[in-house]
Amino acid sequence: MMKIYGSPKSSAGRCFWTLEECGVKYEVGKIDFRQREHKSPEFLKLNPNGKIPVLEDGDFKIWESMAINSYLAHSHLPELLGSDIKSKSLVNQWSFWALAELQDPIIQIFIQLIFVPEEKRNYDLVKKMQDKLPVLFQVLDSSLEGKDFLVGGQFSLADLNVLSVVEITKEIKFDYSKYSNILNWEKQISGRDAYKRYKHIQAES
Ligand SMILES: N[C@@H](CCC(=O)N[C@@H](CS)C(=O)NCC(=O)O)C(=O)O
């Protein structure tokens, strides 16, 4: 049986969601950060970066959450990857954008506001990163104009990967209520059974 390492409340969350979309059975490997299990020699054999998530499928191991999602879709639900070369490439485009462009400022703000003690917080950095978000959210909102999904008129890893990053902004209290296309898209996707199961798993963890 496949095993996913990491908490559903972390970057691993999007892999739990994909596992639920694929409808496969899986085990969960809990990693205790306080005990620094992610830096243990045993875990470093799974991921030399010392980070979660990692997916183990028999002898095969893979890290990086969106690469894991791609592997899961290739193995169990290829329709999540897009239907033709152009759709598949656009699914990659949105996934790379989510990780390289959108997630970076969000995570930098998250680290400052959640992990750095108030007296040591770099508010200049927070402001600089906050200033990047409206432009990025506008790109997403405009791309969703008149559409239910980002690519090819059907739910794909583009939607899953991008929404999994957008959702992190709830933790940093970024208000995106003025982006109506994003809100409609989020509402529609959050009605999916797999999404509801993923949210339940997250809440229980
Ligand atoms: N780009 C990686 C990021 C993984 C990542 O940063 N994971 C965090 C938890 S959300 C982690 O394990 N941090 C431990 C550390 O950096 O030491 C992915 O998407 O899988």
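These remarks concern the structure in this document. Computed from a prediction, not measured in an experiment: that's the story for all the values here.

Counting across every chain of the model gives 6 salt bridges. The salt bridge involving Lys 170 is made with Glu 186; its shortest N-O contact spans 2.9 Å. Residue Lys 170 is found in the loop between helix H6 (157–166) and helix H7 (180–189), and its partner Glu 186 is found in helix H7; the two are separated by 16 residues along the sequence.

This paragraph deals with the packing of aromatic side chains. Centre distance and the angle of the planes are the two values used to describe a pair of aromatic rings. Tallied over the full model, the rule gives 13 aromatic pairs. Geometrically, the ring pair formed by Tyr 195 and Tyr 198 is edge-to-face, given 5.8 Å between the ring centres and 75° between the ring planes. Here Tyr 195 and its partner Tyr 198 are both found in helix H8 (residues 193–204), 3 residues apart, which amounts to about one turn of the helix. Among the aromatic residues, ring-to-ring pairing joins Trp 17, Phe 149, Phe 155, Tyr 195 and Tyr 198 into one connected group. Taking the ring centre of Phe 155 as reference, the NZ or CZ of Arg 192 above it sits at 3.7 Å.

Attention now moves to the site of the ligand. Around the ligand, a shell composed of Ser 10, Ser 11, Arg 14, Phe 33, His 38, Lys 39, Gly 50, Lys 51, Ile 52, Pro 53, Glu 64 and Ser 65 is seen. In the environment of the ligand, an oxygen atom lies 2.8 Å from a nitrogen or oxygen atom belonging to the side chain of Lys 39. Separating a nitrogen atom of the ligand from a side-chain N or O atom of Glu 64 is a distance of 2.9 Å. Its free accessible area being 510 Å², the ligand has 72% of it covered by the protein chains. Using a 2 Å cut-off from the grid points, one finds that the ligand occupies the largest pocket. For the shell around the ligand, the class distribution of residues is 3 nonpolar, 5 polar and 4 charged.

Cut-offs and rules
Residues numbered from 1 in each chain as written. Predicted model: local features only at pLDDT ≥ 70, side-chain atom pairs only at ≥ 80, totals over all residues. Heavy atoms only, no water. Salt bridge = Lys/Arg side-chain N within 4 Å of Asp/Glu carboxyl O. Helix = DSSP H or I, 4+ residues; strand = E, 2+ residues; numbered from the N terminus. Phe/Tyr/Trp six-rings, centres within 6.5 Å; stacked < 30°, edge-to-face > 60°. Lys NZ or Arg CZ within 6 Å of the ring centre and 35° of its normal. Near = heavy atom within 4 Å. Polar contact = N/O pair within 3.5 Å; in protein donor to acceptor, adjacent residues only side chain to side chain. Areas by Shrake-Rupley, 256 points an atom, 1.4 Å probe, with all protein chains shown as cover. 1 Å grid on protein atoms, 1.4 Å probe; cavity = no way out; pocket = protein on both sides within 12 Å on 5 of 7 lines; lining within 4 Å. Sits in = over half its atoms within 2 Å of the grid points. Nonpolar A, V, L, I, M, F, W, Y, C, P; charged D, E, K, R; others polar.

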